[in-house]
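# Observations on chain architecture
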Amino acid sequence: MRRKDREITSFNEILSVMKACSVCHVAFYDDEYPYVVPMNFGMQVNGSDIILYFHGANAGKKHDLIKKNNKVAFVMECTYGIVTGKQVGACECTMEFESIMGTGVIDYLNDNQKAEALSALLEHYNVCEGPEYHFHDEVVPKTSVLRLKVHSLTGKKRNVGRQLIE
């Protein structure tokens, strides 16, 4: 990373940024250009292992690409505002942000594994489970649930005064 002063090196701070993000952009390998899809996500952490979960339709271009190569890259970011004035950047304007980038391997969950992953998505967006919200048994088999096992992570930020989310 060129700007070491902006690098996020703490694992807990990286997790805090990930928890604050609402969209994860996943890049799939395609022949000429990467194919990037913005996706809602959920997350599970076990020690230093991070798993991201995504859901969607059972067919489409991303599924075709996963079958050819299931190695992916991803990025998620939070932007907090524009900062202007002398000495803030080359054009006297810059952005406050936090971002996480990574790589990993993505695969499919079977029907027995989907409920836990879908619950992780609901938890990420603070959607309460209970009698007023539940998974419809007939819809779950028609939904693809993807699991991304994160292999590498980097984080970067600029002038962010946000409190860590624990």
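Below is a summary of the structure that appears in this document. (Residues numbered from 1 in each chain as written. Predicted model: local features only at pLDDT ≥ 70, side-chain atom pairs only at ≥ 80, totals over all residues. Heavy atoms only, no water.)

### Structural notes on the overall build of the chain
Each helix and strand counted, the chain has 3 helices and 8 strands in total. When the helices and strands of the chain are read in sequence order from the N terminus, they spell out β-α-β-β-β-β-α-β-β-α-β. In the chain, which comprises 166 residues, the share counted as buried stands at 35%. On the chain, roughly 10,100 Å² of surface is accessible, and the fraction owed to carbon and sulfur atoms is 50%. (Helix = DSSP H or I, 4+ residues; strand = E, 2+ residues; numbered from the N terminus. Buried < 20%, exposed > 50% of the residue type's maximum accessible area, 1.4 Å probe, protein only. Areas by Shrake-Rupley, 256 points an atom, 1.4 Å probe, with all protein chains shown as cover.)

### Some details on helix α3 (residues 111-124)
Over its 14 residues, α3 runs 21 Å from end to end, which matches the ideal 20 Å to within 8%, given 1.5 Å per residue. Within α3, burial applies to Lys114, Ala117, Leu118, Ser119, Ala120, Leu121, Leu122 and His124. At its buried positions, α3 is contacted by α1 (11-20), β4 (42-46), β5 (49-56) and β8 (144-158). With a side-chain oxygen positioned 2.9 Å from the backbone nitrogen of Asn112, the residue opening α3 is Asn110. Asn126 lies just past α3 and shows a positive phi near 55°. (Expected span 1.5 Å × (residues − 1). Contact = heavy atoms within 4.5 Å. Polar contact = N/O pair within 3.5 Å; in protein donor to acceptor, adjacent residues only side chain to side chain.)

### Brief notes about α1
Those residues of α1 lying buried are Glu13, Ile14, Leu15, Ser16, Val17 and Met18. The backbone nitrogen of Asn12 has a side-chain oxygen 3.3 Å away, supplied by the residue at the start of α1, namely Ser10.

### Some points on the environment of Ile82
Note on placement: Ile82 falls in strand β6 (residues 71-84). With a relative accessible area of 58%, Ile82 lands in the exposed category. Taking C-alpha positions, Ile82 is 9.2 Å from Phe97, a pair spaced 15 residues apart along the chain.

### Here we look at the pattern of salt bridges
Under the definition given, this model contains 5 salt bridges. Salt-bridge contacts for Lys68 lead to Asp31; the nearest nitrogen and oxygen are separated by 3.7 Å. Here the residue Lys68 occupies a position in helix α2 (residues 61-68), and Asp31 occupies one in the loop between β2 (24-28) and β3 (35-39), the gap between them amounting to 37 residues. The class for Asp31 is exposed, based on a relative accessible area of 58%. (Salt bridge = Lys/Arg side-chain N within 4 Å of Asp/Glu carboxyl O.)

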